[in-house]
Structures are given as C-alpha cells and as structure tokens.
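A structural walkthrough
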Amino acid sequence: MRVLEKNGDESIVHIEFQTRMPRAMVYRVAEYHGFLLAKYKLPIRHFVVYLGKSRTKVPTELPKDLQFSGYKLIALNQIPFENLVKSKIPEEIILAIFAHYPKHDPERVARIILYRLKEVCKDEVSLRKFITQLTLLSQLRKLDGYVKQIADSMPITIDLRENAMVKDLIAEVQAETEVYRQLAKEQRQHTRAAILNLYQTLHLEPALIATVFEISEQEVLDILRQLNKLWDNLV
C-alpha cells in the first residue's frame, strides 16, 4: 500500500501473511523490494505476519555482504586510451575503443587498436575473432566504418560476415535471454501464489486483488481457476 505520512512523506508498506515460514523468506522479500523500488522509487517497509503455531527462527535480515547499497561506476570514457591499448590482453585492447582519446583523430585510434591486436594475437583465428568483436563494439562509437576499412587493408584474410566468427557472441546473448526468461517465469509464479494467498486467506474480492497487482480482474479470475483446477487434479 502506498501511504502518506503525517509529515507529508510518501512510502510503500508491504505486508505479507504466512502460515509457514520458509528459510528463504528474506530473499523473497528482497526480490519484492527490488521490483517495488524500481516501480515506485519510494522508501519501503516490509512486514511479514506469521500465523503458524510453532516458533520460527528464520532470518529476517540479509547478511551484510549480501545487502545492496549501491554500485561502483566504471566509466571507460574516463580511462586514458593508452592505458588499455598497451595491454597484452586482446579483450582489454578492444575496450580502448571506449576510452578517452582525441576525438579529432578516430581513424588513427582504430588503426592503433587493430595493429595492437595483430601484435598480441597468437594466430589468425584469434585475430579474426577479436577484429569481429571490435567491429561490432565500434558501432557504439560510430567507428565501425574505420575499423572495417583498415581491417580490409591488413595483410590477412578476414570475412566479417562469416558466422563462425560470431558464434560465441550469439551464444552469450542466448544465455542472457534464457536467464531473463527464467526470472520472468519465477516472478509470475510468485505473483500467482500471492494472488491465491490473498483470495484464500484474506478473502479479498478478485477486483481488489486486480487493483493491488495492477492487472485486469479477468486475469485474476483466470489465475484462480487455473490454480483451483490444478488443486482438484491433485486431490
């Protein structure tokens, strides 16, 4: 619930009722905290009301090393170009395309990076791979034209359209997509469980539940029918 304090400040109060306390409850609340914070950008207070008989000793706070308090910003455009391009690691040399360098001479920057890659790569296959990655990343700085032109003039055979050269990148994108798909699936499961909890425990009307989750009443009714059908099949 979004509440207005006496002093005029706004905040979010999240209350959950539990007949059983899972050990991972604090992580579930932390997940809710992230979604609510991203949506409302307000202070949030969480309460879990325990309805069970036995005493519970589940943790109610995250360990200090797991608490989120911000992040460290690494701005590549503030790192001197020379610091990255002089590296002997190809992955670091490629990042020099995002570093701080004279904006009036982009062609020279692309040429230095390419020739440094040629110096440190042990074979032509590796060189092709890193030039392909550089070409893709350089689009973010609108330097891909320079990179391709200089790469084409280098004394090696390079086909930037060859699929084998970008298989690693495609695999990484597919892996990240699968992670996001799994997270979305888990969130839907939490939402379905919460809807059933509100309906069975607090006997809230579907219309009110729909307002809480900002979905249509029909979606709530469909979820309840699906869950009831599943329960009947199990019984």
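First things first, this report covers the structure right here in the doc. Just so you know, the residues in each chain are numbered from 1, in the order the chain's sequence is written. With pLDDT at 70 or above as the cut-off, local features in this predicted model cover only qualifying residues; side-chain atom pairs require 80 or more to be listed or tallied, and sums for whole chains, interfaces and linings still use all residues. Processing note: side-chain calculations cover all non-hydrogen atoms of the structure and skip hydrogens and water entirely.

What follows covers the overall build of the chain. Secondary structure counts use DSSP, requiring at least four H or I residues in a row for a helix and at least two E residues in a row for a strand, with both numbered from the N terminus. Helix and strand counts for the chain come out as nine helices and three strands. Its helices and strands in sequence order give the chain the pattern β-β-α-β-α-α-α-α-α-α-α-α, from N to C terminus. At a minimum sequence separation of 6, the contacts of the chain that also span at least 24 residues come to 59%. In the form shown here, the chain has an accessible surface area of approximately 17,000 Å², with 56% of it arising from carbon and sulfur atoms. In what follows, a contact means two residues having at least one pair of non-hydrogen atoms within 4.5 Å. Accessible surface is estimated by sampling points in the Shrake-Rupley manner with a 1.4 Å probe; for residues, cover comes only from the protein chains shown.

This brings us to the nonpolar core. If you look at the biggest cluster of nonpolar residues, it comprises 26 residues, and the most contacted ones within it are F81, I113, L114, L117 and L134. Those elements that provide at least two residues to this core are helix 2 (81-85), helix 3 (90-95), helix 4 (106-120), helix 5 (124-138) and helix 6 (144-153). The dominant element in this core, judged by the number of residues it contributes, is helix 4, at six residues. With sequence-adjacent residues up to four places away left out, I113 is seen in contact with F81, V85, I93, A96, I97 and L134. Residues grouped as a nonpolar core are buried Ala, Val, Leu, Ile, Met, Phe, Trp, Tyr and Cys residues, joined through side-chain atoms within 4.5 Å. Per-residue accessibility, obtained with a 1.4 Å probe over protein chains only, is compared with the maximum for each type, and a residue is labelled buried under 20%, exposed over 50%, and partly exposed between these values. Within the second largest apolar cluster, seven residues are counted, among which are L198, I209, A210 and L224.

Another aspect to go through is the packing of helix 4 against helix 6. To obtain each axis, a line is fitted to C-alpha atoms, and for helices this fit is confined to the stretch in contact; angles are then taken between N-to-C directions over 0 to 180 degrees. Close contact between helix 4 and helix 6 brings their axes to 9 Å; oriented N to C, the two are set at 50°. By the angle class used here, helix 4 and helix 6 are oblique. Here helix 4 and helix 6 pass one another in a crossing that is right-handed. Contact residues: P106, E107, A110, R111, L114 and Y115 in helix 4; Y146, V147, I150 and A151 in helix 6. Residues were grouped as follows: Ala, Val, Leu, Ile, Met, Phe, Trp, Tyr, Cys and Pro as nonpolar; Asp, Glu, Lys and Arg as charged; and all remaining residues, including Gly, as polar. Residues belonging to the contact of helix 4 with helix 6 are distributed by class as follows: eight nonpolar, no polar and two charged. Oblique is the label for every angle not falling under 35 degrees (roughly parallel), over 145 degrees (roughly antiparallel), or within 65 to 115 degrees (roughly perpendicular). With the far helix as reference, a near helix turned anticlockwise by less than a right angle produces a left-handed crossing, and one turned clockwise produces a right-handed crossing.

It is worth spelling out the sheet that holds strand 2 (residues 10-18) at this point. As summarised here, the arrangement of the three strands in space is 1-2-3, forming an open sheet in which the pairing is mixed. A single partner strand is all that each edge strand has here, and the edge strands are strand 1 (2-4) and strand 3 (44-50). Pairwise comparison of adjacent strand axes, ignoring direction, gives a mean angle of 35° for this sheet. Strands are treated as partners if at least two bridges between them are detected by DSSP. The sheet contact formed by strand 2 and strand 3 spans seven bridges and is parallel. Bridge pairing in strand 3 links Q18 to Y50.

Pairing is possible between side chains that carry opposite charge, provided their charged atoms lie close to one another. A carboxyl oxygen of Asp or Glu within 4 Å of a side-chain nitrogen of Lys or Arg is what we treat as a salt bridge. For the structure on display, the rule yields eight salt bridges. Note that E10 is salt-bridged to R2, the shortest N-O span being 3.2 Å. Since its relative accessible area comes to 35%, E10 is described here as partly exposed. We classify R2 as partly exposed; its relative accessible area is 48%.

Aromatic rings from Phe, Tyr and Trp, with only the six-membered ring used for Trp, were paired whenever their centres fell within 6.5 Å, and each pair was classed as stacked if the ring planes differed by under 30 degrees, edge-to-face if by over 60, and tilted otherwise. On inspection of all chains with the given rule, the structure shows one aromatic pair. With a centroid separation of 5.9 Å and 75° between ring planes, the pair formed by F81 and Y101 is classed as edge-to-face. Here the residue F81 occupies a position in helix 2, and Y101 occupies one in the loop between helix 3 and helix 4, the gap between them amounting to 20 residues. Y101 matches F81 in its accessibility class, with the two residues each being buried.

Here we come to the layout of surface pockets. Estimates place the volume of the largest pocket at around 1,600 Å³. Every definition here rests on a 1 Å grid over the protein atoms only: cavities are sets of points where a 1.4 Å probe fits but cannot get out, pockets are open sets enclosed by protein on both sides within 12 Å along at least five of seven lines, and lining residues have some atom within 4 Å of a point. In terms of lining residues, the largest pocket is bounded by 40 residues, among which H14, A194, L198, V212 and F213 are the most central. Counting only elements with at least two residues in the lining of the largest pocket, the list comes to strand 2, helix 1 (25-40), helix 7 (167-201), helix 8 (206-213) and helix 9 (217-234). When residues of the lining of the largest pocket are assigned to their parent elements, the largest contribution, eleven residues, is made by helix 7. The calculated volume of the second largest pocket comes to roughly 590 Å³. Grid points are joined across faces, edges and corners, and a volume is the space filled by probe spheres set on the points.

Any residue with relative accessible area above 30% and no salt bridge may belong to a patch, with like charges joined within 9 Å and the nonpolar Val, Leu, Ile, Met, Phe, Trp and Tyr side chains within 5 Å. Taken together, the side chains of I15, F47, V49 and L51 make up a nonpolar region of the molecular surface, amounting to roughly 330 Å² of accessible area. Along the chain, the position of I15 falls in strand 2.

Take it as geometry only, folks, not as evidence of what the structure does.
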